[in-house]
Amino acid sequence: MLTQSKKEFIEFMLSANVLRFGHFVTKSGRNTQYFVNTGNYKTGAQLARLGSYYAQLVKDTVGGDFEAMFGPAYKGIPLVTTTAAALADRYEIDKPYFFNRKEAKDHGEKGCLVGYQPQSGDRLLIIEDVITAGTAVRESMEILSACDGVKVTDMFISVNRCEVGKTPGKTAVMEVRDEYGIQLHALITVQDIHEYLKTRDEYREVLPLMEAYMRQYCVFE
């Protein structure tokens, strides 16, 4: 259901040129008519507003029942940073965050993780942008699995594209849930975007293309 808050978030993404329509290729190699690029958030005001959306979703779903948040390089770094700030500022949930380097340092403070260093028994959250085929999630889990005794319980993203993963009939989100036991929470889904476009005449040419793509790649629970 397209709620007012979801509508506002979609319009926020459009105003920041983060949600775009045209011809794109996803990380999984699929030709898509819509694309989400959180790298296009460019201002402090945009990041602050984005963090407030993520923080509210975290607060409403898990509250403060976790030890730290992980943001995968590169796009997850500003996402986890602004989410941590908004959680502390708005809800007094002051939790540490950390992210990875693409290449481990071989001098000074060595290692591939920057910020909080996970401890055995920690419950961790992942803050990301979009899930398409689940490739980025598996990369994150490979990094976090090297941290002994931690458990990744939840993942928060901007958009769930609801697309099939490696298993026919199952989305990447379903695969991640089954493989790692991670619960995924999205600010919006592809269905929300589709419902929004139906209310706007300027997107009437995009709709049939998007609907064809959804029939080919999307699975809805």
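Residues numbered from 1 in each chain as written. Predicted model: local features only at pLDDT ≥ 70, side-chain atom pairs only at ≥ 80, totals over all residues. Heavy atoms only, no water.

### Side note on the nonpolar core
Now for step 1: Phe9, Met13 and Ile193 are the most contacted members of the largest nonpolar core, which has 43 residues in total.
Now for step 2: No other element matches the six residues that helix α2 (residues 44–61) contributes to this core.
Now for step 3: Beyond its immediate sequence surroundings of up to four residues, Met13 is in contact with Val18, Leu19, Val36, Tyr41, Val159 and Ile188.
Now for step 4: Of all hydrophobic cores here, the second largest spans 19 residues; its members include Leu124, Cys147, Val150 and Val152. (Core = buried A, V, L, I, M, F, W, Y, C linked by side-chain atoms within 4.5 Å. Buried < 20%, exposed > 50% of the residue type's maximum accessible area, 1.4 Å probe, protein only. Helix = DSSP H or I, 4+ residues; strand = E, 2+ residues; numbered from the N terminus. Contact = heavy atoms within 4.5 Å.)

### Points about helix α6 (residues 190–197)
Now for step 1: Counted residue by residue, α6 has six buried out of eight residues, so it is predominantly covered.
Now for step 2: Among the residues of α6, Val190, Asp192, Ile193, His194, Tyr196 and Leu197 are the ones counted as buried.
Now for step 3: On the buried face of α6, the contacting elements are α1 (4–15), β1 (19–25), β2 (31–36), β8 (151–160), β9 (183–189) and α7 (206–217).

### Some words on the layout of surface pockets
Summary: where empty space remains is shown by rolling a probe the size of a single water molecule over the atoms.
Now for step 1: For the largest pocket, the calculated volume is near 570 Å³.
Now for step 2: Forming the boundary of the largest pocket are 27 residues, of which Lys27, Glu128, Asp129, Val130 and Ala136 lie nearest the centre.
Now for step 3: Secondary-structure elements contributing two or more residues to the lining of the largest pocket are β2, β4 (97–105), β7 (130–131) and α4 (135–144).
Now for step 4: At six residues, the largest contribution of residues to the lining of the largest pocket is made by α4.
Now for step 5: Considered as a void within the structure, the second largest pocket measures approximately 200 Å³ in volume.
Now for step 6: Contributing to the lining of the second largest pocket are 13 residues, with Ser5, Lys6, Tyr53, Gln56 and Leu187 lying nearest its centre.
Now for step 7: Grouping the constituent residues of the lining of the second largest pocket by class yields six nonpolar, four polar and three charged. (1 Å grid on protein atoms, 1.4 Å probe; cavity = no way out; pocket = protein on both sides within 12 Å on 5 of 7 lines; lining within 4 Å. Points joined across faces, edges and corners; volume = space filled by probe spheres on them. Nonpolar A, V, L, I, M, F, W, Y, C, P; charged D, E, K, R; others polar.)

### Side note on the environment of Ala85
Now for step 1: Looking at the element boundaries, Ala85 is found in helix α3 (residues 76–91).
Now for step 2: For Ala85, a relative accessible area of 45% gives the class partly exposed.
Now for step 3: For the pair formed by Ala85 and Tyr74, sequence separation is 11 residues and the distance between their alpha carbons is 18 Å.

### Section: the pairing of β1
Now for step 1: Relative to β2, β1 is paired through five bridges, and the arrangement is antiparallel. When the sheet's bridge partners are listed, Val25 is paired in β2 with Asn31.
Now for step 2: With antiparallel pairing between neighbouring strands as the criterion, β1 and β2 make up a hairpin whose turn holds five residues, including Gly29 at a positive phi of roughly 90°. (Pairing = 2+ DSSP bridges.)

### Overview of the packing of α4 against helix α5 (residues 172–180)
Now for step 1: One can describe the packing of α4 onto α5 by two numbers: an axis separation of 10 Å at closest approach and a directional angle of 25°. By the angle between their axes, α4 is roughly parallel relative to α5. Between α4 and α5 lies a crossing of right-handed hand. Across the interface between the two elements, Val137, Arg138 and Met141 of α4 pack against Glu175, Val176, Glu179 and Tyr180 of α5.
Now for step 2: Tallied by class, the residues present in the contact of α4 with α5 amount to four nonpolar, no polar and three charged. (Axes fitted to C-alpha atoms, helices over the stretch in contact; angles between N-to-C directions. Parallel < 35°, antiparallel > 145°, perpendicular 65-115°, else oblique. Left-handed = near helix turned anticlockwise from the far one by under 90°.)

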